[in-house]
Amino acid sequence: MVPLKQVWPSEFAERYRQKGYWRGETFRRVLEARARERGDAIAVVGGGERWTYADLLARAETAAAGFLALGLQPGDRVVVQLPNIPQFFAVVFGLFRARMIPVFALPAHRLTEIAHFARKAQATAYVVAQSHEGFDYRELADAVKAQVPHLRHAVVVGEAGHHAAFDAFRADPALLPVEDAAPSDVALVQISGGSTGLSKLIPRTHDDYLYSIRASNEICGITPESVYLASLPVSHNFPMSSPGVFGAIHAGARVVMAPAPDPATAFPLIEQEKVTITGLVPPLALLWLQAAPKTAHDLSSLQVLQVGGAKFMPEPAKRVGSVLHCKLQQVFGMAEGLVNYTRLDDPDAVVTQTQGRKISPDDEVLILDDQGNAVPDGEPGNLLTRGPYTIRAYHDDPAANARSFTEDGFYRTGDVVRRLPGGYLEVMGRATDHINRAGEKISAEEVEDHLLAHPQVFDAAVVSVPDRFLGERSCAFIIADGEAPRPADIKAWMRGRAIAAFKIPDQIVFVEDFATTAVGKISRKELRAALRAQLLDQEKAGA
Ligand code: OOB
């Protein structure tokens, strides 16, 4: 097995420890401490369940014993694909207790993506819920197992069929490892948005992840009295750790799991559970702003609405305070590490017009031109970063690492930003060709590769197009090989590729050739830029 690790050069690691960022905490110890101190406090609410911290610890220990009883070993990687249900925490803290490593997939991922994560992580098990939003994950589990031989076990929360039933796991203290993980060990694996080709694996250590969580709690005012509503899928880094559900648990606060993020689902939960904080992507924030004035539900407990994952425009940002009667906090982060927040006491202009500033004094932020020279403050440039919770490498991917990290360990975020007074950043756009569709990141290259597998597609280029609601949508330019199929046929065929639905192009345009733009050996990047410009011109002319 390729070892799963994340290592900072020793002089950095020493500094991060010395400054108290890395405190030697582990997830196991965090939960044990909270269960000792606040055993009777409610930790998790959802799906008709209310678990105290004592319940959560007991359920995690049962889960750990169950995974070990299946024959899994400490160090094993386990792909976890669960919707927002309380069992998510029993599974994940169970894996931590058994010293196994969760690899977080989103509910939207399908066979192609899950098989890729499982192979890349050399996973031995896969945890799913029986079904969610009409999709049966047990069938997906069969398909993944058939493709990935080392993935021996599928564990199902709910009706398990012929798979292992999570609900049948039994406590067995004798099975549990005595020794805890080391704080510098990898605790979990996040999935990259993937700007080039397939998603990469992001190993995060106990030390670094827990630092970002603790520091986020402080910035976001999380206390034991806070109630965090998980509106977005909890496997994503934003609702997981910024400060998200793990922040709430670290503080001994309460997590409420929303099965869906729409106002009809979330507003009654806010009223019933007196939710104080939640996080949304911009299109959902727009929906909430639209629905709030008409709702009969009492939303007055809500103190902070975080918005991030994609750019939140200043105009809707200005409306949050007066419509939802709470503070807006902008969050600009990435699963690789660096997270920026506007602060709760920042002036309105900063909160509505910037994407915040870094968490840590030791987050190093560079803004460089394409030649690698620093740009003056206020000028747009490429954002690079390193620091106490930003990874130094993806797992087992030398090519991606050579592209994404400088020799001295800075992560090239691909974002174009400018620095404003006080170190606040404004996100201006990005240098890489991914599409940020309502916060879901889509690699143009990955989608093009799928399209090129179609027998009637000669060539394809996928670009982002500004969209009033989604922020960006995807448009595929296709040169047909012979007679052009209908766009609907291409979409249907793409669905058959077993990929997340958000990757299927929103718009398909057939073109005769790329010649008008693609003279000679133009790069795909330039080609995409030219096609995008052409489309925008046409839209403008048509409007
Ligand atoms: C979050 O994480 P990822 O890994 O899904 O995506 C990271 C990318 C950033 O590099 C940037 O391109 C974009 O998403 N992004 C934003 C943004 N927040 C993220 N672009 C503009 N404005 C923002 N506020 O998306 C993520 C992780 C932790 C916290 C928040 C978001």
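Residues numbered from 1 in each chain as written. Predicted model: local features only at pLDDT ≥ 70, side-chain atom pairs only at ≥ 80, totals over all residues. Heavy atoms only, no water.

Visitor: Describe in detail the site of the ligand, supporting the description with residues and values.
Guide: In the vicinity of the ligand there are 18 residues, among which His236, Val331, Ala335, Asp415 and Lys441 approach most closely. Within the backbone of Ala310, a nitrogen or oxygen atom sits 3.4 Å from a nitrogen atom of the ligand. Elements with a contribution of two residues or more to the shell around the ligand: helix H8 (237–241) and strand E16 (327–334). At four residues, the largest contribution of residues to the shell around the ligand is made by E16. Here the residues of the shell around the ligand are counted per class, giving seven nonpolar, eight polar and three charged. (Near = heavy atom within 4 Å. Polar contact = N/O pair within 3.5 Å; in protein donor to acceptor, adjacent residues only side chain to side chain. Helix = DSSP H or I, 4+ residues; strand = E, 2+ residues; numbered from the N terminus. Nonpolar A, V, L, I, M, F, W, Y, C, P; charged D, E, K, R; others polar.)

Visitor: How would you sum up the sheet that holds E16? Please name residues and give values.
Guide: With mixed pairing, the nine strands of this open sheet are ordered in space as E2-E1-E13-E12-E14-E15-E16-E17-E18. Strand pairing shows two members of the sheet lacking a second neighbour, strand E2 (49–52) and strand E18 (357–358), which therefore form its edges. (Pairing = 2+ DSSP bridges.)

Visitor: A description of the packing of helix H10 (residues 263–273) against helix H11 (residues 282–291) should follow, citing residues and the corresponding values.
Guide: Orientation of H10 relative to H11, taken along the N-to-C sense of each, is 70°, at an axis distance of 11 Å. By the angle between their axes, H10 is roughly perpendicular relative to H11. Here H10 runs over H11; the crossing is right-handed. Packed against H10, whose contacting residues are Pro263, Ala266, Phe267 and Ile270, the element H11 presents Leu287, Trp288 and Ala291 at the interface. Among the residues forming the contact of H10 with H11, the class breakdown is seven nonpolar, no polar and no charged. (Axes fitted to C-alpha atoms, helices over the stretch in contact; angles between N-to-C directions. Parallel < 35°, antiparallel > 145°, perpendicular 65-115°, else oblique. Left-handed = near helix turned anticlockwise from the far one by under 90°. Contact = heavy atoms within 4.5 Å.)

Visitor: Tell me about the pairing of strand E1 (residues 42–46), and name the residues and values.
Guide: The buried count for E1 comes to five of five residues, which makes it a mostly enclosed element. One ladder, built from four bridges, connects E1 with E2; its direction is antiparallel. For Val44, the partnering residue across the bridge sits in E2 and is Trp51. Counting the residues that bridge the hairpin from E1 to E2 gives two residues, and of these Gly47 lies at a positive phi of roughly 55°. (Buried < 20%, exposed > 50% of the residue type's maximum accessible area, 1.4 Å probe, protein only.)

Visitor: So what's going on with empty space enclosed by the protein? Residues and values would help.
Guide: Per the counting criterion, the structure on display carries three cavities of 30 Å³ or more. Here the largest cavity defines a volume of roughly 50 Å³. In this structure, the largest cavity is lined by Arg28, Leu31, Leu57, Ala60, Glu61, Phe93 and Arg97. Here the lining of the largest cavity takes three residues from helix H3 (residues 53–69), the largest share from any one element. When the residues that make up the lining of the largest cavity are grouped by side-chain class, the tally is four nonpolar, no polar and three charged. (1 Å grid on protein atoms, 1.4 Å probe; cavity = no way out; pocket = protein on both sides within 12 Å on 5 of 7 lines; lining within 4 Å. Points joined across faces, edges and corners; volume = space filled by probe spheres on them.)

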